[in-house]
Amino acid sequence: MDEVKKIVADIKKGNIKPIYLLMGEEPYYIDAISNYIEKNVLAEEEKGFNQMVLYGRDITVDDIVNHAKRYPMMAERQVIIVKEAQDLSRTIEKLVSYTDQPQPTTVLVLNYKYKKIDKRKAIYKSIKKSGVVFESKKLYENQVAEWIRRVLASQKYTISPKAAQMLVEFLGTDLSKINNELEKLKIVLPEGTQISAAHIEENIGISKDYNNFELRKAIGERNTAKAFKIINYFADNPKDNPMVITVSSLFNFFSQLLHFHGLHDKSPRNVASALKINPYFVNEYISAARNFPMKKVSQVVASLREFDVKGKGVNSNSVPHGDLLKELLVHIFN
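If you're wondering where the values come from, they're calculated on a predicted model, not measured in any experiment. (Residues numbered from 1 in each chain as written. Predicted model: local features only at pLDDT ≥ 70, side-chain atom pairs only at ≥ 80, totals over all residues. Heavy atoms only, no water.)

## Structural notes on the pattern of salt bridges
(1) Moving on: Here the structure, examined in full by the defined rule, presents 19 salt bridges.
(2) Moving on: With a shortest N-O distance of 3.0 Å, D2 and R150 are connected by a salt bridge. Taken as a pair, D2 in helix α1 (residues 2-12) and R150 in helix α7 (residues 141-153) lie far apart in primary sequence, 148 residues in all.
(3) Moving on: We classify D2 as exposed; its relative accessible area is 52%.
(4) Moving on: A salt bridge links D31 to K113; the shortest N-O distance between them is 2.8 Å. Taken together, the positions of D31 in helix α2 (residues 27-40) and K113 in strand β4 (residues 106-113) put the pair 82 residues apart, joining distant regions of the chain.
(5) Moving on: Judged by its relative accessible area of 10%, K113 falls in the buried class.
(6) Moving on: One network of salt bridges, with partners in common, ties together K116, K119 and E135. (Salt bridge = Lys/Arg side-chain N within 4 Å of Asp/Glu carboxyl O. Helix = DSSP H or I, 4+ residues; strand = E, 2+ residues; numbered from the N terminus. Buried < 20%, exposed > 50% of the residue type's maximum accessible area, 1.4 Å probe, protein only.)

Right, dumping it as structure tokens:
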């Protein structure tokens, strides 16, 4: 996020480079930078003749070079944006002849999504020398809640740890999808609001009481009644609560619990740092560790591996996922 802010700040100051290679597995930031350039580098009256959006699947590298070498009309510069540039991966190296000596009045933006150009390639080195290379890396799941907090803080909102975790549990690590839901919340909630679990439930449709986060908490507390109540809800609503997500969530939880048992320093601060979790959730791990000794945690992890396979249809083709989850809970609690 800080690197994105620096790129945008440089553009605002007029420090605009002739080439921007935006690449990597996470498309959110690629789109954010590209959209900013598209909206802000040229004045509205200049865009008609001097701004062009191309798509990698429809053009060749020679087409890009021909457009990029054109001079702007009644403007200081022109902007050429190539979306889905990864579709040109087999021939992108031919662009070196242009990137070695780019047209100073052209701003060429290459959106190279879901993959990256080898840093040893001549094209990478050439663009690095004459322009900007930005690699958009996929966030790990344990980083997404903090990303949500920072995005909202920059827009004068806060969010409770539980609400942020609900979004991560339901939407995964897809930042574009999460951002879309945050935009919906901002429409109905005034600036300065702390977004709560109730707000998430009311406006996005994620249950604050029946979700994987609450299931993990109930299991950690050995609250069998609550855990089975949540699983019954999952069984009645399988499309919104796929088994593969539930098993993955529980596997991560018990893997972290295994790590917790191996820590010499179990102070809240060290636990949060070692497990890479929000300090708000540390007490849940301390409580779960009392209820699940290390030997039992190892057994649960083995059971989760077994039920992950069953959930994918191996030796259990006709068993409903809801029934498999109930059976899994029996293994966890016994």
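## Let's talk about the pairing of β4
(1) Moving on: A large share of β4 lies buried, amounting to eight of its eight residues.
(2) Moving on: The alternating pattern of β4 places T106, L108, L110 and Y112 and V107, V109, N111 and K113 on opposite faces, both of which are buried.
(3) Moving on: One ladder, built from six bridges, connects strand β1 (residues 19-24) with β4; its direction is parallel. The partner of L22 across the bridge, within β4, is N111.
(4) Moving on: Judged from the five bridges that link them, strand β3 (residues 78-83) and β4 form a sheet pairing that is parallel. Along β4, the bridge assignment pairs I80 with L108. (Pairing = 2+ DSSP bridges.)

## Looking at unusual backbone geometry
(1) Moving on: The backbone phi angle of E84 is positive, close to 55 degrees, even though this residue is not glycine.
(2) Moving on: Structurally, the position occupied by E84 is in the loop between β3 and α5 (96-99).
(3) Moving on: The class of E84 is partly exposed, set by a relative accessible area of 22%.
(4) Moving on: For Y114, which is not glycine, the phi dihedral falls at a positive 70 degrees.

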